[in-house]
Amino acid sequence: MTAAGESYQLYVDGFPRAVVGAELGDSLLSVLRDTLGVTSVKDACEQGRCGACSVLLDGRLAASCTVLAADADGARVVTVAGLGAVGLARAVRAMFLAEGAVQCGFCTPGFVVAVTDLLTRRPDADDEEIREALAGNICRCTGYGRILAAIRAVQRERGILPSLEESRARPDGG
Amino acid sequence: MLAAAHESGAAVALLSGGTDLVPALRSGERVADAVVALRRVLELRVRGAGADSLTIGAGVTYADLVGWSLSPGLARAARVVGSVQIRNTGTVGGALGSVRPAGDLLTYLTAADAEVLTASPRGTRWRPLGQFLAEGVEADGLVTAVRLARPGGPQVHVKIGGRQAAYPAIVSCAVVVDRVRHRVACAIGGVGRLPARMGGAESFAVDEVDWTTGTIPVQAARRFGDLVVEAVAGISPVLPVGPGESADYRCHAAGVLASRALARCLHPQATRATQPATTTELATDAQPGTARPSDPTAGPGAAGRGGGS
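What counts and how
Residues numbered from 1 in each chain as written. Chains lettered and ligands numbered in written order. Predicted model: local features only at pLDDT ≥ 70, side-chain atom pairs only at ≥ 80, totals over all residues. Heavy atoms only, no water. Helix = DSSP H or I, 4+ residues; strand = E, 2+ residues; numbered from the N terminus. Areas by Shrake-Rupley, 256 points an atom, 1.4 Å probe, with all protein chains shown as cover. Buried < 20%, exposed > 50% of the residue type's maximum accessible area, 1.4 Å probe, protein only. Contact = heavy atoms within 4.5 Å. Buried area = accessible area lost by both parts, 1.4 Å probe. Salt bridge = Lys/Arg side-chain N within 4 Å of Asp/Glu carboxyl O. Core = buried A, V, L, I, M, F, W, Y, C linked by side-chain atoms within 4.5 Å. Phe/Tyr/Trp six-rings, centres within 6.5 Å; stacked < 30°, edge-to-face > 60°. Lys NZ or Arg CZ within 6 Å of the ring centre and 35° of its normal. Axes fitted to C-alpha atoms, helices over the stretch in contact; angles between N-to-C directions. Parallel < 35°, antiparallel > 145°, perpendicular 65-115°, else oblique. Left-handed = near helix turned anticlockwise from the far one by under 90°. Nonpolar A, V, L, I, M, F, W, Y, C, P; charged D, E, K, R; others polar. Pairing = 2+ DSSP bridges. pLDDT = per-residue confidence, 0-100. Polar contact = N/O pair within 3.5 Å; in protein donor to acceptor, adjacent residues only side chain to side chain.

**Some remarks on the overall build of chain A**
Then comes step 1: The secondary structure content of chain A amounts to 6 helices and 5 strands.
Then comes step 2: The order of α-helices and β-strands along chain A, N terminus first, is β-β-α-β-β-β-α-α-α-α-α.
Then comes step 3: Taken as a whole, chain A presents about 7,600 Å² of accessible surface, with 50% of it coming from carbon and sulfur.

**Description of the overall build of chain B**
Then comes step 1: Counting its regular elements, chain B contains 12 helices and 12 strands.
Then comes step 2: In chain B, which comprises 309 residues, the proportion classed as buried is 54%.
Then comes step 3: A separation of at least 24 residues holds for 57% of the contacts in chain B among residues at least 6 apart in sequence.

**A few points about unusual backbone geometry**
Negative phi is the rule for most residues except glycine; trans is the rule for most peptide bonds.
Then comes step 1: Not every positive phi belongs to a glycine, and D13 of chain A is a case in point at roughly 50°.
Then comes step 2: The backbone phi angle of D58 of chain A is positive, close to 50°, even though this residue is not glycine.

**Let's talk about the environment of S203 of chain B**
Then comes step 1: By secondary structure assignment, the location of S203 of chain B is in helix 9 (residues 199–208).
Then comes step 2: Separated by 19 residues in the primary sequence, S203 of chain B and V184 of chain B place their C-alpha atoms 7.6 Å from one another.

**Digging into the interface of chain A and chain B**
Then comes step 1: Between chain A and chain B, the residue contacts involve 36 residues of the former and 39 residues of the latter.
Then comes step 2: When chain A packs against chain B, close to 3,100 Å² is buried across both sides, 52% of that on carbon and sulfur atoms.
Then comes step 3: At the boundary of chain A with chain B, the tally comes to 7 salt bridges.
Then comes step 4: A salt bridge links R40 of chain B to D71 of chain A; the shortest N-O distance between them is 3.9 Å.

**Focus on the nonpolar core**
Residue and element names in this part refer to chain B.
Then comes step 1: Of all hydrophobic cores here, the largest spans 37 residues; its most connected members are V175, I188, F224 and V228.
Then comes step 2: Mapped onto this core, the elements with two or more residues apiece are strand 8 (155–160), strand 9 (171–178), strand 10 (183–189), helix 9, helix 10 (218–233) and helix 11 (247–266).
Then comes step 3: In terms of residues, this core owes the most to one element, helix 11, which gives 10 residues.
Then comes step 4: Formed by 33 residues, the second largest nonpolar core is a distinct cluster that contains L74, V92, L96 and F132.

**What about the packing of aromatic side chains?**
Then comes step 1: Under the defined criterion, the tally for this structure stands at 1 aromatic pair over all chains.
Then comes step 2: Plain terms: the ring middles of F111 of chain A and Y144 of chain A are 6.4 Å apart, the flat faces sit at 55° to each other, and that makes the pair tilted. With F111 of chain A in helix 3 (residues 108–121) and Y144 of chain A in the loop between helix 4 (127–133) and helix 5 (145–157), the pair connects residues that are 33 residues apart, well separated along the chain.
Then comes step 3: Looking at R147 of chain B, its charged tip hangs above the ring of W126 of chain B, at a distance of 3.9 Å from the centre.

**Some remarks on the packing of helix 9 of chain B against helix 10 of chain B**
Residues and elements named next belong to chain B.
Then comes step 1: Across the interface, helix 9 lies against helix 10 with an axial gap of 8 Å and an inter-helix angle of 165°. Looking at the two axes, helix 9 sits roughly antiparallel to helix 10. Relative to helix 10, helix 9 is oriented so that their crossing is right-handed. The residues of helix 10 that touch helix 9, namely those facing G200, A201, E202, F204, A205 and E208, are A220, R223, F224, L227 and V228.
Then comes step 2: A per-class count over the contact of helix 9 with helix 10 returns 7 nonpolar, 1 polar and 3 charged.

**Concerning the pairing of strand 7 (residues 142–149) of chain B**
All names here are of chain B.
Then comes step 1: A large share of strand 7 lies buried, amounting to 6 of its 8 residues.
Then comes step 2: Here strand 4 (residues 53–57) pairs with strand 7 via 5 bridges, running antiparallel. In the sheet register, T55 faces strand 7, and the bridge partner there is R147.
Then comes step 3: Where strand 5 (residues 115–120) meets strand 7, 5 bridges bridge the pair, whose relative direction is antiparallel. For E115, the partnering residue across the bridge sits in strand 7 and is R147.

**Observations concerning the environment of Y62 of chain B**
Residues and elements named next belong to chain B.
Then comes step 1: Take Y62: it is sitting in helix 3 (residues 62–66).
Then comes step 2: Expressed as a C-alpha distance, the spacing of Y62 and G90, which sit 28 residues apart in the sequence, is 6.2 Å.
Then comes step 3: Sequence-distant contacts of Y62, defined by excluding residues within four places in its chain, comprise A78, V81, I86, R87, G90, T91, A95 and L105.

**Regarding the side chain of T144 of chain B**
Residue and element names in this part refer to chain B.
Then comes step 1: By the element assignment, T144 lies in strand 7.
Then comes step 2: Residue classification places T144 among the buried residues on the basis of a relative accessible area of 16%.
Then comes step 3: In this view, T144 contacts L44, I56, G57, A58, L117, T118 and A119; residues no more than four positions away in its chain are not counted.

**With respect to the confidence of the model for chain B**
Then comes step 1: Across chain B, pLDDT averages 83, with 83% of residues at or above 70.
Then comes step 2: When the criterion is pLDDT under 50, residues 270–309 of chain B qualifies, and its contacts beyond four places in sequence or with other chains add up to 81 contacts.

**Remarks on the pattern of salt bridges**
Residue and element names in this part refer to chain B.
Then comes step 1: The tally for this structure, following the rule as stated, stands at 24 salt bridges over all chains.
Then comes step 2: Across the pair R223 and E230 runs a salt bridge whose closest N-O atoms are separated by 3.8 Å.
Then comes step 3: Among the ionic contacts, a cluster of salt bridges with common partners joins R125, R127, E135 and E138.

**Here we look at the sheet that holds strand 7 of chain B**
All names here are of chain B.
Then comes step 1: Strand order in the open sheet formed by 5 strands is 3-4-7-5-6, and the pairing between neighbours is antiparallel. Taken across any chain shown, the strands that pair with only one partner, and hence form the sheet edges, are strand 3 (47–49) and strand 6 (123–128). Strand-to-strand twist across the sheet, computed as the mean angle between neighbouring axes with direction ignored, equals 20°.
Then comes step 2: The pairing of strand 3 with strand 4 spans 3 bridges and is classified as antiparallel. Looking at strand 4, one finds that G48 is bridged to T55.

**Considering the side chain of K159 of chain B**
Residue and element names in this part refer to chain B.
Then comes step 1: Within the secondary structure layout, K159 lies in strand 8.
Then comes step 2: For K159, a relative accessible area of 3% puts it in the buried group.
Then comes step 3: A distance of 2.5 Å separates the side chain of K159 from the backbone oxygen of V80, its partner in a polar contact.

What follows is the structure, given as structure tokens:
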């Protein structure tokens, strides 16, 4: 067990980061933001309800406010900044902007992590599955419609859904 | 280590997934001198199947259970706990260790006659879930596994509440039917401190079921709900209630859920037309991973449309 005052290491977005001086009871969220300065991970409810602090912890989507930082010693933590500049994560970010899925932007980092996680696991997720997978992320601005549209746009760009032109050419939906 | 910490008088908190404990530590609701983290104890993270029973390690997460074909009922109950984030981290042992009265999994486990294995310096022991919940875990012990009978018939778990991903259910109900042994079990969560079995309603249902076809008349399912309401009305203490979840409401909801759950187990055709398309009720009798557009309450998408946000 890691006690207060001892140090431990996290791999944040691919880089080893030593955590020194954190309290034993600190959550991964507070260590990321307050100790390591990774402020793209947002702090809202601190109860695992809103998803603003979503990260990938050893590859699995987690609310970092419900993870004890010391228990994550040695874990790989991926935030929105570490998802990658190319490929799926780039497409998700681009379509969030293009489709108006970003309004105040506070929930966006968590949503981008959750959406990237979903489309990695289930590239062809339908509306029902998308809504279920994102139920842990709350957005107070968009009403979710634009976020859903952004995800559909990512799927079109990646050839999983037919493009809008193809859909129009086949009004029956193909 | 746990025993030594206990003897030294230190306040030790056991950490599994952390979804309950970490926010509680942060808010000051829980205070601990030491935290013993169990996530890396791989022995707790296994699940297994015997000839008659299924054993689930305390460190198994809800996400691990979601697709478990050996226990579709447990898989469905686990599927509607919280959000992806919560299901990826929250564990079976955590659900038992923290014993939140509205914990959805406890309602299912109560109906399924689960047994709980605990370990302490004095050895290990199995206890029926009800006894475990009444006595709690020893100060120097921990929950290591849960054991269930292999399913012998349909199992349905339904609940009513606000946005599922953010809040536990207000009222939940699990019905477990054993067509081999001719048994019906029904548990209601969210009406008392702990989930309660509905013995009177269960006996009534056993007599009403046509066991050759595995069906029950519609009127009997309604009467089943009435009996549950009567039983629930006698349960105390009722949980602290908010404006939208009075004792009367919980009592009524318990009857509706029980009637609906029984009907889904034993007479599915009769209920489909009468199901209201409520967005807060989350039926869990859909096959995991398959959307059924014809039934708006059964699909997983209801999670994202919850009414409480």
